Amino acid sequence: MQRYQILTQTEIEQIHETSLRIMKEVGIVFSYAPAREILAKGGAKVEGQRVYFPSAMVEDALKKVPSSFKMHARDPQKDVLIDTNTTRYVGPYGSPFVTDMDNGRRESTLNDFINITKLEHMMDNIDIMSHIPCEPNDIPAEKRAAEMCYLTLKYSDKPLMGSVLGYEVAKKNIEMAAIVFGGVDVIKEKPVISSIPCTLTPLSYDDKMAGAIIAYAEYRQPQLINSLCIAGATTPATVAGTVALQNAEILAGIVLAQLVSEGAPIVYSASASNAEMRYGSLSIGSPEDAVFSLVNGQLAKYYNIPCRISGALSDSKCADTQAAYESALTLAMAQMAGGNFILHAAGIIDGYTTTSYEKLMIDDEIMGMLRRIDRGVTVNEDTLAYDVIKEVGPQGEFLSHEHTFTHFRNEFYQVVLSDRMNADQWKRNGSLTAEQRANARWKKMLDEYVEPKLDKDIDAALIKLKNS
């Protein structure tokens, strides 16, 4: 897919220089003392909890970040290359609520977590398992990170994400993943678990997130150094001002990770949007969210670092028409921005707070369509089909030609949810809406789910570490 360039190279460089100035003259707060010590040894100036970054220090760290890496899966056929060109999709993350057409919106439970994990595993368009497709609110908060990591490893053989709730919690998740893949030394060379430590905007990192950055860097596991900015609330109301501040936050986390372990894999992760000023709330289905995606994608390409961008986002409260058009817009712009690790690619509504079962299915269709668009067009003697056109000639038909049977399955995206019957056929089949078909599809997928095999000894070792 053609990447959309919303800014000129000069404007991108202006943003970069402003970010460097913010880091050098305004500084970034790190409340976590070990992080300040690492940054001070690396050349930063530390005054209390505020850290000031020399520009040369930042530029040097950026040069050490790899432009590509592979995430390994229990099933090697599901290994995922993360680079600056390819788009990978990841499911919903962090929602404390779920909703479906049968039961409505409610606090999510462990059963919901398992259901959505199974659905993510079965969705062909989901490449990497998200750590928190929904919060299992019915188990104690202090046990959730380990439980979610264990259940993700149990119910899926795709690459996964892990917790960022502090150094020790992150370390346990990483060590759990290492058990499945042959040990810590193995995963340091073959990354298997990624994370998304997030800044405390504006211009700070709390203890948990800074600790997580250090842990994942020590084990050389990928991390999406992330900033979630709300323009007009936690950052300036202008797009340029928000991006300059957000970029400074992200670059500070990248510097910390590279000081811990030079060459540790990083995904540049930005998820800014604007405040809905009438209500004081975050809007994620806005055109401004899409604009931020485009700018952040350009910045990541400027640094030659893989980038994470949020995907199918909506402020709607259910899987309705608003959810459809906002999600199609934000996901398409994420891909046109050059997003390489698209988190929240399916299921998210209501300002990140709710995962919709039906919307998972609808967004899966959107992902499939965008993947087809991204694949582009093959032009060669066979696809130009001159001989076929000559053979059929004027007023002929191509429907029954061998060339059509050879190519249509690969050339045309085969819909899995959308209705393309004529009106009479649609009526005979129940006149179902897209939401109703989505409701039936997720139930059918759960009925058909087959758990990937996990060695009994590995399972026992995981349970022991999880409960320790």
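Predicted model only: the values in this text are computed from it and were never measured. (Residues numbered from 1 in each chain as written. Predicted model: local features only at pLDDT ≥ 70, side-chain atom pairs only at ≥ 80, totals over all residues. Heavy atoms only, no water.)

A short note on the overall build of the protein
Along its length, the protein carries 18 helices and 20 strands. Computed over C-alpha atoms, the radius of gyration of the protein comes to 23 Å, within 12% of the 23 Å expected from 2.2 N^0.38 for 468 residues, which places it in the range of a compact globule. If one aligns the C-alpha atoms of the protein with their principal axes, the spans along those axes are about 80 × 55 × 50 Å. When contacts within the protein are restricted to residue pairs at least 6 apart in sequence, long-range pairs at least 24 apart make up 75% of them. (Helix = DSSP H or I, 4+ residues; strand = E, 2+ residues; numbered from the N terminus. Rg over C-alpha atoms; globule rule 2.2 N^0.38 Å. Contact = heavy atoms within 4.5 Å.)

Considering the environment of Tyr-352
Here Tyr-352 shows up in the loop between β19 (348–349) and β20 (354–356). On the basis of relative accessible area, Tyr-352 is assigned to the buried category, the value being 12%. Distance in space between the C-alpha atoms of Tyr-352 and Phe-97 is 9.4 Å, their sequence separation being 255 residues. Sequence-distant contacts of Tyr-352, that is, excluding residues within four places in its chain, are made with Gly-94, Ser-95, Pro-96, Leu-228, Ser-271, Leu-282, Ile-284, Ser-310, Leu-313 and His-344. Reaching out from Tyr-352, the side chain makes a polar contact with the side chain of Ser-310 at a distance of 3.3 Å. (Buried < 20%, exposed > 50% of the residue type's maximum accessible area, 1.4 Å probe, protein only. Polar contact = N/O pair within 3.5 Å; in protein donor to acceptor, adjacent residues only side chain to side chain.)

Topic: the sheet that holds strand β2 (residues 45–47)
Strand order in the open sheet formed by 4 strands is β2-β3-β1-β11, and the pairing between neighbours is mixed. Of all strands in the sheet, those bounded by a partner on one side alone are β2 and β11 (204–205). Here 3 bridges tie β2 to strand β3 (residues 50–52), and the two strands are oriented antiparallel to one another. The residue of β3 that forms the bridge with Lys-45 is Tyr-52. (Pairing = 2+ DSSP bridges.)

Some words on empty space enclosed by the protein
For the structure on display, the rule yields 2 cavities of 30 Å³ or more. If you go around the largest cavity, the residues you meet are Ala-270, Ser-271, Ala-272, Asp-289, Phe-292, Ser-293, Asn-296, Ile-309, Ser-310, Leu-313 and Tyr-352. When contributions to the lining of the largest cavity are tallied by element, the ones reaching two or more residues are α10 (287–303) and β17 (307–310). In terms of residue count, α10 provides more of the lining of the largest cavity than any other element does, 4 residues in total. The class makeup of the residues in the lining of the largest cavity is 6 nonpolar, 4 polar and 1 charged. Taken as a whole, the second largest cavity spans an internal volume of roughly 40 Å³. If you trace the second largest cavity, you find it lined by Ala-319, Asp-320, Ala-323, Ala-324, Ser-327, Lys-359, Ile-362 and Asp-363. Those elements giving two or more residues to the lining of the second largest cavity turn out to be α11 (321–336) and α12 (357–375). Residues of the lining of the second largest cavity, tallied by class, amount to 4 nonpolar, 1 polar and 3 charged. (1 Å grid on protein atoms, 1.4 Å probe; cavity = no way out; pocket = protein on both sides within 12 Å on 5 of 7 lines; lining within 4 Å. Points joined across faces, edges and corners; volume = space filled by probe spheres on them. Nonpolar A, V, L, I, M, F, W, Y, C, P; charged D, E, K, R; others polar.)

Focus: the sheet that holds strand β6 (residues 88–89)
The parallel open sheet is built from 5 strands, whose spatial order is β6-β18-β17-β14-β12. Bordering the open sheet on either side are β6 and β12 (223–227), each of which pairs with just one other strand. Here 2 bridges tie β6 to strand β18 (residues 341–343), and the two strands are oriented parallel to one another. Paired with Tyr-89 across the two strands is Ile-342, which belongs to β18. Its contacts with the sheet place helix α9 (residues 239–260) against β12 and β14 (266–270), and it is angled at close to 160° to β14. (Axes fitted to C-alpha atoms, helices over the stretch in contact; angles between N-to-C directions.)

A closer look at the layout of surface pockets
Counted as a void, the largest pocket has a volume near 640 Å³. For the lining of the largest pocket, the element with the most residues is helix α5 (residues 141–155), which contributes 4 residues. There is about 270 Å³ of room inside the second largest pocket. Around the second largest pocket, the lining is made up of 16 residues, and of these Glu-142, Lys-143, Ala-146, Lys-172 and Lys-466 lie nearest the centre. Among the elements of the structure, α5 and α6 (167–181) are those that each provide at least two residues to the lining of the second largest pocket. Residue contributions to the lining of the second largest pocket peak at 6 residues, all from α5.

Just geometry here; none of it tells us what the structure is for.
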